[in-house]
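# Understanding the architecture of this molecule
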Amino acid sequence: MIIVLSSSMMRAADADTIADGISSTELMRRAAESVYSEINSKGRIAIVAGLGNNGGDGFALAEILSDNGVKPDVYSFRGNMSADAAFYYNRITGKGIEVRFFDESISLKGYDVIVDCIFGTGGNRKIEGLYEKAVRKINESGAYIIAMDIPSGLNSDSGRVMGVAVKADLTVSIGAYKTGHFLNDGMDYTGKLVNYDIGINCDKGYYLVEEKDLEPLFPKRKRNVNKGSSGRLVIIGG
C-alpha cells in the first residue's frame, strides 16, 4: 500500500521533521534536488515561483540549476514572501540570477521546460488575477510542464480544479503522495506522478491499495469453472 496524506497531515509531518532537527531550508533544498533529478533537458528552462514555500522550492531549484551550468529564467510575483522563500530568493539574486515579476506582457512560449512552483499544497482558493493569467500561459506554452508537489490550482485534498489549474506532464510529489493527486480532477492534471522521500516523517495517513496488495487474496482458478465454483463476492460501495 502507498501512504497518502492530506494537506494538514503534510504540514504536521513537516513540523515534526523540523522539530527533530532538519531545518525547513534544508528540506526545501532536498525538494528542489528531487525536481532537478527529473529534468533531462539542457534547453531553455523557466521556473514560475509563488511567494510561499512552493515558490521557495522554485528559487532553490534555480540555484541548483545555475550551479550545474544551466541558467533558468525565473518569474515570480510582487508581494510578501515566506521567510524560507525569501532565504532562497536572496541567495539566487545574490548570485546574479535575475527574477522577473510576472505581468501580462510576459510570454512563456519558446521554453523547453517550465517548472510550476506557484502554490503547491498551500493553494486552497480560486485562482484569479495575475496568477490565473500565469497558469493559463504555462498551459499554453507548449513546453514540457513539471509541477512541484502538486499542480497549482489543483486542491491538494479534494483534487478539484479551483477555477484554473496547471496541467502538468510530470508532477514530482515531495514526502508523500497527496489525496488530491488521485481524487476528482487530480489524475487528469498531474500527468506522470513520482514521489521522492526527502526525510519527512510521513508514517501516518491514508493508504492507497495497490494491485499487489489484493493479488494474494484471489486463488488461482481452474479453466473449467462456472460462477458457482469461485466463491462469493462482496462489494462495499461509498
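First things first, this report covers the structure right here in the doc. (Residues numbered from 1 in each chain as written. Predicted model: local features only at pLDDT ≥ 70, side-chain atom pairs only at ≥ 80, totals over all residues. Heavy atoms only, no water.)

## Things to note about the overall build of the protein chain
Along its length, the protein chain carries seven helices and 10 strands. Overall size of the protein chain, expressed as C-alpha extent along the three principal axes, is 70 × 40 × 35 Å. A burial count over the protein chain gives 43% of its 238 residues as buried. Counted over contacts in the protein chain with a minimum sequence separation of 6, partners at least 24 positions apart contribute 75%. Within the structure as shown, the protein chain displays about 12900 Å² of accessible surface, and the carbon and sulfur contribution to it stands at 48%. (Helix = DSSP H or I, 4+ residues; strand = E, 2+ residues; numbered from the N terminus. Buried < 20%, exposed > 50% of the residue type's maximum accessible area, 1.4 Å probe, protein only. Contact = heavy atoms within 4.5 Å. Areas by Shrake-Rupley, 256 points an atom, 1.4 Å probe, with all protein chains shown as cover.)

## Some thoughts on a nonpolar patch on the surface
Together, M1, Y207, V209, L214, L217 and F218 give the surface a local cluster of nonpolar side chains, amounting to about 690 Å² of exposed area. Within the fold, F218 resides in the segment after helix 7 (211–214). (Patch = residues over 30% accessible without salt bridge, like charges linked within 9 Å, V, L, I, M, F, W, Y side chains within 5 Å. Salt bridge = Lys/Arg side-chain N within 4 Å of Asp/Glu carboxyl O.)

## Description of the pairing of strand 3 (residues 73–76)
Relative to strand 3, strand 2 (residues 45–49) runs parallel, the two sharing three bridges. Its bridge partner being in strand 3, A46 is matched across the sheet by D73. With respect to chirality, the unit in which strand 2 leads through helix 3 (residues 53–67) into the neighbouring parallel strand 3 is right-handed. Sheet analysis places strand 3 next to strand 4 (residues 99–101), joined by three bridges and oriented parallel. (Pairing = 2+ DSSP bridges. Right-handed = clockwise from strand over helix to strand, strands pointing away.)

## Remarks on the state of the cysteines
Scanning all chains against the criterion turns up zero disulfides. Left unpaired, C117 is separated from the closest cysteine sulfur, that of C202, by 19 Å. (Disulfide = S-S within 2.5 Å.)

## Notes on the sheet that holds strand 10 (residues 206–208)
If you trace the three strands from one edge of the open sheet to the other, you get 8-1-10, paired in mixed fashion. The open sheet is flanked by strand 8 (177–178) and strand 10, the only strands paired with a single partner.

## Description of the packing of aromatic side chains
According to the stated counting rule, one finds seven aromatic pairs in the structure shown. Geometrically, the ring pair formed by F59 and Y89 is edge-to-face, given 5.6 Å between the ring centres and 65° between the ring planes. One end of the pair, F59, is in helix 3; the other, Y89, is in helix 4 (residues 83–94), with 30 residues separating them in the sequence. Here F59 and Y89 have matching classes, each one buried. (Phe/Tyr/Trp six-rings, centres within 6.5 Å; stacked < 30°, edge-to-face > 60°.)

## Topic: helix 4
Between its terminal C-alpha atoms helix 4 stretches 16 Å, which fits the 16 Å expected from 12 residues at 1.5 Å a residue. Tucked inside the fold, the buried residues of helix 4 contact helix 2 (24–36), helix 3 and strand 4. Following helix 4 by one or two positions, G96 has its phi on the positive side, about 90°. (Expected span 1.5 Å × (residues − 1).)

## Focus: the sheet that holds strand 7 (residues 170–174)
The sheet built from seven strands is open, its strands ordered 4-3-2-5-6-7-9 with parallel pairing. One side of each edge strand has no neighbouring strand; the edge strands of this open sheet are strand 4 and strand 9 (192–196). Neighbour-to-neighbour, the strand axes of the sheet open up by a mean angle of 20°, direction not taken into account. (Axes fitted to C-alpha atoms, helices over the stretch in contact; angles between N-to-C directions.)

## Topic: the nonpolar core
The biggest cluster of nonpolar side chains holds 40 residues, and the ones touching the most others in it are V35, I39, F59, L61, V115 and I146. Ranked by the residues each element gives to this core, the list is headed by helix 3, at six residues. For F59, the residues in contact, after removing those within four places along its chain, are A49, G50, V74, S76, M81, A85, Y88, Y89, I92 and V99. (Core = buried A, V, L, I, M, F, W, Y, C linked by side-chain atoms within 4.5 Å.)

## Points about helix 1 (residues 7–19)
Between its first and last C-alpha, helix 1 extends 18 Å over 13 residues, near the 18 Å set by a 1.5 Å rise per residue. S7, M10, A13 and T17 are the residues of helix 1 that are buried. Projected onto a plane normal to the axis of helix 1, the buried residues spread over an arc of 120° and lie on a single side. Residues of helix 1 that are exposed and point more than 90 degrees away from the buried face comprise R11 and A19. Those residues of helix 1 that are buried lie in contact with strand 1 (2–5), helix 2, strand 7 and strand 8. Where helix 1 ends, the next residue or the one after it, G21, has phi of about 115°, a positive value. (Arc of directions from axis to C-beta.)

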